[in-house]
Each structure stands twice: as C-alpha cells, then as structure tokens.
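The lines below spell out each chain.
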Amino acid sequence: MDNCDLERLSVSGLKLRPTFTPEVTVYSLSVGSSVNKVTVDVITSDCAASYKILFGDGSGVVQLKDGLNRVEIEVVAEDGTAKTYCVEVSRLSSKIAELSSLAVEGNIPLNPEFCTRIYEYSCTVPFHCSALTFLPKVPDEDIKVTTGGGDGSRPVPLNVGDTSVEISVCSADGSKSQSYTVLVTRELIPMAVTFTDGKQQLDYECPVSLTAFYRPVSINRSDPKHVFSRPYIEMLARRSKVDPLSGSPLIDDWKVDEPNIGGKMSAAPVKCFFAYRGCDAVMRLSELGSHCLDCPHKPTGDLDAKDVTETDWYKKYFASSSCLEIDIKHSLELRSWEKRLQATAGDSADKLCSLAQDQLRLYRRHLSKPGDVLQYGDTHCPLQNLEQAAVHYASAIRLNSRDPRLHFQLGLVLEEQHYATEMFGLQRKPDRDRDELSDAKITARLDDILAVCKLHGYLGTPTVQNQLRALDKEYQQLKEQGQSSKADYVQTLYIWLSRKSGKDSGEAVQDEESSVHKALMKYQDAWALSPDSWEYNLHVGRLLLLRGRSREALQHLQSGLALRPLHPALRFFTGMALLSQEQKASSNAEKEAALFLQQGLERFIAQRCSKSWVEQDPSDPLSSISTQFLRGLLTLGQLQERNTLSGNAISAEQVYHTVAVLAAQSVSRCVCRGKAGRQLEWVLLDAQFALLQRLIQQGERQAPPDPERQSLVAKRCQSLTALIRLTSIAPCQELLDMQEKACQLAVATMPLDSHALCLLGLAQLAQFDNNPNSDRSKDVLSDARLSFQASIELEQKTQSGEPPEQLTKQKWWQDQQEAKNASKPSITKPAGAREPSDTIRADRGAKRGRGAPTHRRGVAAVTKAPVPTPPVSNRGGKVTRPPAKSTPAARGRAGAAAKPDRTPKPSIVTKPQLPDTKSIKDCSPDPVDTTEVVAPESAVGDIATASGPMNRRSHISRLGLARALSRAADTQDQAAQLYQEVIAMAPGVHDAYIELARLVEPSDPQAALEVYCRFPLRPSGEQSFDDAFIAGEVVRMLMALDQCDHPQLGPSLVAYGKVMGLSSIEKYVDILEAKSMTKLLKSVYARIHDRHEEDQDLQDFFKFKCWS
C-alpha cells in the first residue's frame, strides 16, 4: 500500500553513479556531446504505484541540453505516499577541450598530481628509458587527443636529458583546443659518452664533465655560444655570477634552454661504453642507456676466486692458516662522546635499532638526486634524523655492548654525518645562525681581506699568515684614526680568518672530535668483537688507509679478502693498499692492484647499468660520492697509462673520463664548500688534467696534426682553467702549476691562437704575483710580457704560419721543442714548478677519500690564474679586483682626505652593508660599451678555414700586458700607455681607470684625477659598487687637492653616497660644512634621497644642520 520504491531505474543503458538501489534517490551520469537524448526506463516495486517524469514533456525520452540536466522521477504509492528519484545527466559541451585524467605507463608519478585545470607537469625516468607511453583520458569520446604530435597510444621517443611532450586536446566540434605539457627528464648517464664523429665530440662535450651535455643551456649573449650541462652551470653560477669561460658577468636572464641541441645530440651516433670488452655496436645517443642495459659485453660482476687465492700473500698467510696476525691492538672502551649520545630509555636494543632505521629512512628521503640541490626548511633539518639514529644505536650499545653489529651501525651513521655536513651542508638552524655564512658572504669577506692585503703590499692571494698580518696592520691604523666601527669589522675578519684556517687544516680522520674519527673507532670496536668479519675488516681497512696507516690497512683488507675473495670492494681497496706501502710495489703487485681496481670499477658500472639499481646505500664504499673510490680510479688510470693490464682492459682515457663524469655529478650535489666538496673538486681537476695530457700525447703521434683534435685541446684547456678559477679549493701552488701547465699545453698545440697566449700570460702573471721574490719570478714575469705581446701581435690574423718570436724566446717553449727533437712526446713542466700529477700523488693519494678532508700542504696560498677578462681571480677562483685595486667595501675611505699620499684603506661601514649577493659584473666591461672588444673565445667557436681561424681583437691582452709592465718601475710609462689604449677600446672597464690612476697618482695626482673623471658614470640608480668606488676616488682626490668647486664633486658625492651609504661621505660632509658649502650639501642630500630640496622633511633636516 505505501511502497513507493523503484525496482529498476536505467538511462539508455548507461552506468549510473552510484549503482542503482531502491534506497538511494540521487544519481548522476555523463554523456558525450553527440548524445542529444536519453531514454529513462522505470519500473516500480509495487505494481499499484505510479510514477511521473518531471522533465521536458514528461515522456521517457528526455531531450538534453549542454550542461546539467536534472531529471526527476516522482513515485506515488497506492496510499499516496510519494518519493522523488533524481538523475543528474551531464551532457558535455562540444566545445570542451580538456583531459579527465593523465597517467604515465609504468606508474611514473607526475609532478604535480594531475588536475584538469593544471597544464604543465614534469616527471623523471631512469637514464635507460628511451621511450615513454602516456595514458590520457578524455570525458568525451569525441574529443580528439594527440601525444607528441602522434597517436596517443604510441610510445614517445625521449631525448637524453629533457624532452618536452605536448598532449594536444581538441574539442568535439573542433572550435577549441588545449595543450598539456609534460617535461620528461631522463636521469644522468653514469658513464662517459664517446661520439663516433670527432666534430660532434667537440660540439656536444660539456666543459665540466667532458661528456655529452645533460639538459643543455647556454649563456645568454655569449659569442660564440657557451653551452653547459644544466646542473654544472647552475653549480658554478651559485659560486660566481660570471660566464665561466669568458668571465663576463651574467645578466638576469642569463640562462637559455637549448632543446634543439639536446635533440640533435640525442640523434648523434655513439660507441658503446663496453667497446674495450669487444662491443663494436654503434647507436644513437638516446639509445645508449637501453643498449648498455642489455649489452652482451657488459661486465657480469662474476669474479674468479683464483685472482686472490693464487697471490703470494694469500699463499703465505692464509693457505695454511685461517687468519693473518694483525699488528694493531684495539681495546673496547666507552668514550666520553659516546656517553653523551646514550639516552636513558627503557626500550630494548631491538626496538632502538628499529627506531634508528626509521630515522635513517627519513634522512635518505630528503637527500637530493644527482644534479639536484638539497633543500630543507628551518623547521626540520635532516641532520636531526641522523643524530637521532646515532642516539638510538648508542643507547642500544649501552644495553648490549658485546654486539658488534650495533657498534658497526653506529659507525656508519657517524660517517654519514660527515657527508651530511661537509657535502650537503646540513646543519641545525641554531648552528647555522651562529657559525655559518652563505657562499656570497664568504666571498665578500674574502674579497675584503684581499683588498686589505693589497693596500699593505701583499699582492695576489697571500699566505694566511700574511693575510693576518695585513689585517692586524689595518686594524691598528684604523684604531689610530679613531674609526672604531671599521676597526671592529677588521677585527671580525681577523677572528673569522683565524678560525677558518684552523678549521680547514688537518685531516678529519685525525681529529678525534670529527665524525670520521669516531666512525673509525666504532668500526674497530666491531672488529675487536668479531675479527673474522670481512665487513668490519673492510671498513676499518679503508679508514686506516685514509689515515695513512697503509701497512695496518693492508692487513685488515687482506684478512677480509681472504674471508670473502669474491667481494669487489675488498678487492678494490686491497689494490689501493698494495700501492700505498712504503716499499715500492713490484710489477706483479702493480698488475694485481690494477686488476683489483678494474674489477671494482666494473662492479660499480654493472650496478649502475641495471634496472634494479637504486641510489646507493651510504655504507657502500664503491660510491660516486666517495673521494677515496674516485682516487682509486685515478690510480688505475695512471697504471693503465703504462698498459699494466692487457687484453680486455679498460684504457687510461676511459678511466679518467669516467672519473670526470662521476666527480662532476657529485660536485654538483655539494651544497656547501665543505671538505668533501673540495676533495671531489680536486678529483675533477685531476681527471681533466690527465685527460688533457693524454689528448696531447696522442696528438703528437699524429702527422699531420688533426685540426679537430687541436680544437678539442683548446676547448679542454679553456675548460680546465675556468674550473680552476671557480673552484672552492683553498689557493695553493698546485693549482697555479696546473693552470700554467694547461695553458702551456694549449699554446703548444695551437701556438698561433691569440686567446690561448693571453690565458698563458695571465697564468704566468699569477705565478709572479704569488711569489715576486722567488728564484724564477724574473723569468716568469718576462714570459708573461712576451705572451701578452704575442697575443696582441696575432690579433686579426689567421692561425697559420710560424710561432711568434715572443713565444720562441720563452724557456718552457724551448724545452718543449728540445723534447720533441729528442723524440720525447711530452711538454717539460715549468722551471721550478712541480708537476701537478706528481704533487697529487704525493699529497692527495690514498689519504683523500670518503670521510677525509683536504690535506693541506705547507705551501703558500696563492692567487689563481686570472680570468681572461678585466678582473683577476683570487682564492677559490672567486673573481675579485686587480692587484692594484681594492674591493667595493675598501674603496674611498673617508679618512683618506687628510692623507692624500696614502693609499686609501677599506671603508668598512655598518650601514648600509654590502649585500650578500655582491655583483661582480662591474669587473668586466659593460656589455653595451664593449661589444666589439670582448675577450675572444677559443678557436672552438670559430669556423676553420684553409688557413686557420681568425684571431679576434681584444682589450684583455693589453690589460694583462699593462699589469705585467706595471710590476717594474722602469716600464710603468709603457704600462700607462697601454692602460690608455684599453680605456679607448673598452670605456666601461673599471680596472683600467683604477690601475692607471693608482700608477700615476704618486707623481701627478691631478693626472690621476683626470683619469677618474673620464669614466662614464651611469645614472645613480644603475650604478654598481665599482662605479661607486671610482666616484669615491674622485671625491677623495678633489678633497685632497682642495678643489671643492670642481663640477664633478657634487655628482661623485651623490654616486658614492647613494651606493655605499651616507656614512661613507660623513668625513667629506664635515669638510664641506666647515667651508660653508651648504648649497652643494643640500643638493647632494636631496639627490641621494631622490627628493626635491623643498621637501619638508629635508627642510627640517637642513634647519637642524643650520644649512638654511
């Protein structure tokens, strides 16, 4: 009687949402734009009940309009009880162009998650993924979809690096369209790429990693175009806002994506990485990753135990006994730092270990992938997860101190803390606020220190001791002048430098408070409890190897290898230990070591070329972020230069190339300039230098010379010098020697390349500035002048003919020619200079590795070779001012007016302070003013003709020659003429004005003033620190010469005060006030504040100052 339910409800057989049940009264469904009508089919549960369709004409056929159609069915029972069912039919408009969902085959996640109204996405795929299938869905089957310009169901081929895939959606009636874009990024290829064509190798080689570009970008306005792999140029740009190759300042929109280069490069033919094992396959670069995955010549990782059991040491110590008696005696003890870690918790040891593993998983979740930068907020630092894991393990040890595994796990966590702080820059916020400075602030402080040093006669980058002496002198002078605020800042610099130099010296593994030393202690604790564990012997051995205790390390490693003869890491580090003994290794020992090292490398490659590979566990010693592992590979390369291994052995070039690729990837992940990052940079420089030497040696065997090989040599020399200039490694003689040698190699290959000669002159001048009193200082200064002169003479000439006379006069060139005539295909190192590779072997051998910081030698810290642009370089390659000039903070000190004959001291003001991201674009000519005279790039960018490429004209060589001539009193007049020539060629180069004025000021202050007044100042709102410095010098000299009515005084006061702050002109204001020049002062103050003199606030101020 009262049953008003429906037994069935359907709409043209379409699926209702939710599925029909009598109790549910509201449903919905969607139909395409081509559906004009639907039929509603209704059956009541009670045959006595009736129903009525409340839509349209009430019939079962419902005519639809676009959008929502609300169809209601009223059911009335026999007793009059009523119930209304509703079906919301959404008819899609024929003008809709959108996706309802988008997925990627293989469950690859999109970022961000798909939303109909979001049109740009990104995703990351493994390096071996060469094609990707997208799964778009549309709400209307009549909507047309194309993916990558083709059928949406077909896989889209991927370039190496980035591929932008466009998914186009067209409405049913064709009137509207919408595009969804997915940027697909393939991960880095973990191997060096060799193109079959030498020209393509030259065109597509990244200057940093020396392998194929990865996500290529170019420097805006560079000519010829400078292209880099994105992760590496972004890393370099974070350090210094200049073009690494030319030294020109980077503009705001400096980065230009180069998808066309990526596409062409991906189609270029390359060789298989396993060609040395017999694979002769050639494929497109985009297919290299998938090929290497399935290459039949790929190392399987299978090892032969006889490689170990047939060795002399195994037969002697292990064939008849179970172990080797190890000399080291280690006692298990509870140390004070370990007590501080232990917490009083009631949990069991197993529970604490589980908690520690949870913390480690949280930590690794925040780690960056290769090419990315680790980022985290102030609320949580991943280092806290590591510290908490250490607390859990230490507390578990307190409960069960005889469990070796607990000691070992704590050691792994402690060692990882070293990488977290030194490589990824992790630090708790209070510590960061208290101790750490940003890269920009560090650079600013170092620039200020160097400026003070130059004022006190220490050119280049002096030793730390001389830097401290200069700061002390400056502090005393400022105190005498009553400039307490500036003196306090200098004192801050003194304290900071003292702490920094102390922090950077010494090995972390030797420092008992370092994480690495603590890790070694825990590894030894684990070994003491379980000496028969191969794993504990491995980790104790490799850290002892870092510590320089090679004999004890070898005992541990051989013991572990005897227990696990097929373990590749044990073989690898045993090979390193064999070569690190005090007694020179025999030829058999070298072969054994080379075999073990190659097996470790092949194991690493086999793991990386696997679909199952994931980011390596931090405990894996064969890791690309382990400097010790990479240094072992460099040792393998050195052995293979002598063909220690024959047969299917990897070549020295391929080893060095692999190291360069891995080191570049790891360096790009370094967030801070910590010890681990500097070690990796050393590896990268050493690998690049070794590859350059091998390339030269191979070229010397060819007759006639190969132009492409010569161009590649020039490009790699330029790349190496750029990396040296921008490195964060503390300045040292090794870097100067390496850069000078690299420049010599470039000139020896292309002696008529004007740019190469200019770079050589800059390197030679840096050698002189580093130590002007050395035995070879006179010769090196003379060589620098000759190099610059040769560079100038060759301008606007083709690179063909005989070497210039200025080059043939240099001793290194003569030595090189004698070596050639004597059939010795090598270039003699500079007189008095150590071979970089020798230094490396002596000082950065096995001790440089995972967990060990840079080993500081007792050599003077030096200036790195200057960039081939107006500014010269200083520590770590940071671009700074030329030797005769101070940094912006040091320019135009107020107190200098009273002593015009004294070089101005650094103006260290408290308000306003220099910004953290101090620009150095002003060290180079303004792009607008010097378009025709920018530094010539290498011959790589020029089109070779039958007679060779044409050398460009440049002011850089003239500026370098002027600096070289200014170093001696008898040639300063010639230097002044060259400075004038530079100013005529490039009016925007600050350095030429400043250095020329400094040169002539002692004898003719008025002439120096006229030099400064010639500088074309830009509008005050566009001025830089260097502009302000020149303005400050004009003010200083005008006041010293008592020319207060000079027309340049007012504009210069405004320019200087506007950039450097009012405190910088207080001294001059007092002098002008005493001279009653209130009209000038009112004008200056108004223009500095961008106000009219009639402004009421200014009028009140003027009245207060009695200027009205």
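Residues numbered from 1 in each chain as written. Predicted model: local features only at pLDDT ≥ 70, side-chain atom pairs only at ≥ 80, totals over all residues. Heavy atoms only, no water.

K.L.:
Even after reading the chapter, I still don't get the overall build of the chain, so can you show me in this structure?
P.N.:
Regarding its fold elements, the chain presents 38 helices and 23 strands. Expressed as a percentage of the 1108 residues in the chain, the buried residues total 56%. Pairs at least 24 apart in sequence give 68% of the contacts found in the chain among residues at least 6 apart. Only carbon and sulfur atoms are counted for the fraction: they give 47% of the accessible area of the chain, which is about 45,400 Å². (Helix = DSSP H or I, 4+ residues; strand = E, 2+ residues; numbered from the N terminus. Buried < 20%, exposed > 50% of the residue type's maximum accessible area, 1.4 Å probe, protein only. Contact = heavy atoms within 4.5 Å. Areas by Shrake-Rupley, 256 points an atom, 1.4 Å probe, with all protein chains shown as cover.)

K.L.:
Just to check I follow, could you spell out the packing of helix H8 (residues 349-365) against helix H10 (residues 404-422) for this structure?
P.N.:
In a packed pair of helices, the relevant descriptors are the angle between the two axes and the axis-to-axis distance. The geometry of H8 relative to H10 is characterised by a closest axis approach of 12 Å and an angle of 20° between their N-to-C directions. Here H8 is positioned roughly parallel relative to H10, judged by the angle of their axes. The chirality of how H8 crosses H10 is left-handed. Of the residues in H10, those in contact with Cys353, Gln357, Leu360 and Tyr363 of H8 are Leu406, Gln409, Val413, Glu416 and Ala420. Residue classes in the contact of H8 with H10 are distributed as six nonpolar, two polar and one charged. (Axes fitted to C-alpha atoms, helices over the stretch in contact; angles between N-to-C directions. Parallel < 35°, antiparallel > 145°, perpendicular 65-115°, else oblique. Left-handed = near helix turned anticlockwise from the far one by under 90°. Nonpolar A, V, L, I, M, F, W, Y, C, P; charged D, E, K, R; others polar.)

K.L.:
Looking at this model, I keep getting lost on the environment of valine 413. Mind explaining?
P.N.:
Assignment of secondary structure puts valine 413 in helix H10. Of the residues examined, valine 413 reaches a relative accessible area of 3% and is grouped as buried. Spatially, the C-alpha atom of valine 413 lies 9.0 Å from that of serine 515, the residues being 102 residues apart in sequence. Each residue touching valine 413, except ones within four places of it in the same chain, is listed here: Leu360, Leu386, Ala389, Ala390 and Tyr393.

K.L.:
Just checking my understanding: could you explain the environment of glycine 632 for this structure?
P.N.:
Note on placement: glycine 632 falls in helix H20 (residues 627-641). A relative accessible area of 0% places glycine 632 in the buried class. Beyond its immediate chain neighbours, meaning those up to four positions away, glycine 632 contacts Phe572, Met576 and Leu597.

K.L.:
Help me understand the sheet that holds strand E7 (residues 82-91), please; the structure alone is not making it clear to me.
P.N.:
The strands that make up a sheet are held in pairs by hydrogen bonds between backbone atoms, and each pair lies either parallel or antiparallel. If you walk across this open sheet you meet the four strands as E2-E7-E6-E4, and the pairing is mixed. Pairing within the sheet leaves two strands with one partner each, and these edge strands are strand E2 (26-31) and strand E4 (50-54). Shown here is a sheet whose adjacent strand axes are inclined to one another by a mean of 20°, direction ignored. Bridge analysis of E2 against E7 gives six bridges, and the strand direction is parallel. Note that in E7 the partner of valine 31 across the bridge is arginine 91. (Pairing = 2+ DSSP bridges.)

K.L.:
Where do I start with the side chain of glutamine 409 in this structure?
P.N.:
Tracing the backbone through its elements, the reader meets glutamine 409 in helix H10. For glutamine 409, a relative accessible area of 15% corresponds to the buried category. Among all residues touching glutamine 409, those that are not within four sequence positions of it are Gln357 and Tyr393.

K.L.:
Can you help me understand unusual backbone geometry in this one?
P.N.:
For residues that are not glycine, phi is negative in most cases, and the peptide bond is trans in most cases. Cis geometry marks the peptide bond from arginine 17 to proline 18; its omega dihedral reads -5°. Topologically, proline 18 is positioned in the loop between strand E1 (6-11) and E2. With an omega of 0°, the peptide bond between aspartate 223 and proline 224 qualifies as cis. With phi around 60°, aspartate 1042 is a residue other than glycine that occupies positive phi space. Along the polypeptide, aspartate 1042 turns up in the loop between helix H34 (1025-1040) and helix H35 (1049-1060).

K.L.:
In this structure, what is going on with the pattern of salt bridges? I would like to understand it.
P.N.:
Opposite charge on two side chains permits them to pair, given that their charged atoms come into close proximity. One pass over the full model with this rule turns up 48 salt bridges. Across the salt bridge formed by aspartate 769 and arginine 967, the nearest N and O atoms sit 2.9 Å from each other. Note that aspartate 769 is positioned in helix H25 (residues 754-770) and arginine 967 in the loop between helix H30 (956-966) and helix H31 (972-985), a separation of 198 residues in sequence. We classify arginine 967 as partly exposed; its relative accessible area is 21%. Taking the shortest distance from any N to any O, the salt bridge between lysine 809 and glutamate 805 comes out at 3.7 Å. By relative accessible area, which is 53% here, glutamate 805 ends up exposed. Salt bridges here are not isolated pairs; linked through shared partners, they connect Arg230, Glu234, Lys255 and Asp257. (Salt bridge = Lys/Arg side-chain N within 4 Å of Asp/Glu carboxyl O.)

K.L.:
For this particular structure, what's the right way to read helix H3 (residues 259-266)?
P.N.:
The periodicity of an α-helix, 3.6 residues per turn, causes residues three or four places apart in sequence to face the same way. The set of residues buried in H3 consists of Ile261, Gly262, Met265 and Ser266. Axial view of H3: buried residues confined to an arc of 125°, hence all on one face. Along H3, exposed side chains directed more than 90 degrees from the buried face belong to Pro259, Asn260 and Lys264. Elements that come into contact with the buried residues of H3 comprise strand E17 (216-219), strand E18 (227-229), strand E21 (282-284) and helix H4 (285-294). (Arc of directions from axis to C-beta.)

K.L.:
How should the sheet that holds strand E19 (residues 255-257) be read in this particular structure?
P.N.:
Taken together, three strands build an open sheet; the order of strands is E18-E17-E19 and the sheet is antiparallel. The two strands at the open ends of the sheet, each matched to only one other strand, are E18 and E19. When strand polarity is set aside, the average angle formed by the axes of neighbouring strands in this sheet is 40°. As defined by bridge partners, E17 adjoins E19 across three bridges and the pair is classed as antiparallel. When the bridges of E19 are listed, serine 218 appears paired with valine 256. Relative to E18, helix H2 (residues 230-239) is tilted by about 100°, and along the sheet it contacts E17, E18 and E19.

K.L.:
What should I look at first to understand the packing of aromatic side chains in this one?
P.N.:
What characterises a pair of aromatic rings is the spacing of the ring centres plus the angle enclosed by the ring planes. This model, assessed by the stated rule, comprises 22 aromatic pairs. Taken together, a centroid distance of 5.6 Å and an interplanar angle of 40° make the contact between phenylalanine 408 and tyrosine 523 tilted. Separated by 115 residues along the polypeptide, phenylalanine 408 in helix H10 and tyrosine 523 in helix H15 (residues 515-529) bring together distant segments of the chain. Accessibility classification places phenylalanine 408 together with tyrosine 523 in one group, the buried group. In textbook terms, an aromatic cluster arises when at least three aromatic residues are bridged by ring pairs, as seen for Phe114, Tyr119, Tyr121 and Tyr180. (Phe/Tyr/Trp six-rings, centres within 6.5 Å; stacked < 30°, edge-to-face > 60°.)

K.L.:
Would you explain the nonpolar core in this entry?
P.N.:
Here is a general trend for soluble globular proteins: nonpolar side chains tend to be buried in one another's company. Core analysis: the biggest nonpolar cluster contains 232 residues, and Phe195, Val208, Phe274, Leu285 and Leu633 have the highest contact counts within it. For this core, the leading source of residues is helix H22 (residues 675-700), giving 13 residues. Contact partners of valine 208, with chain neighbours within four places excluded, come to Phe228, Tyr232, Leu236, Ala664, Leu684, Gln688 and Leu723. Counting 24 residues, the second largest nonpolar core, distinct from the first, contains Val38, Phe55, Val71 and Val87. (Core = buried A, V, L, I, M, F, W, Y, C linked by side-chain atoms within 4.5 Å.)

K.L.:
I would appreciate a short explanation of the packing of H20 against helix H21 (residues 652-668) in the present structure.
P.N.:
Running from amino to carboxyl end, H20 crosses H21 at an angle of 160°, the nearest separation of the two axes being 8 Å. Relative to H21, the element H20 lies roughly antiparallel. As for the relative orientation of H20 and H21, their crossing is left-handed in sense. Residues Leu630, Leu633, Leu634, Leu636, Gly637, Gln638, Gln640 and Glu641 of H20 pack against Ala652, Val655, Tyr656, Val659, Leu662 and Ala663 of H21. Here the residues of the contact of H20 with H21 are counted per class, giving 10 nonpolar, three polar and one charged.

K.L.:
How should I be thinking about helix H18 (residues 568-579) in this particular structure?
P.N.:
Given a rise of 1.5 Å per residue, 12 residues ought to cover 16 Å, and the 17 Å separating the end C-alpha atoms of H18 matches this to within 8%. Taking burial as the measure, the 12 residues of H18 include 11 buried ones, the bulk of the element. Along H18, the positions that sit buried rather than exposed are Pro568, Ala569, Leu570, Arg571, Phe572, Phe573, Thr574, Gly575, Met576, Ala577 and Leu578. (Expected span 1.5 Å × (residues − 1).)

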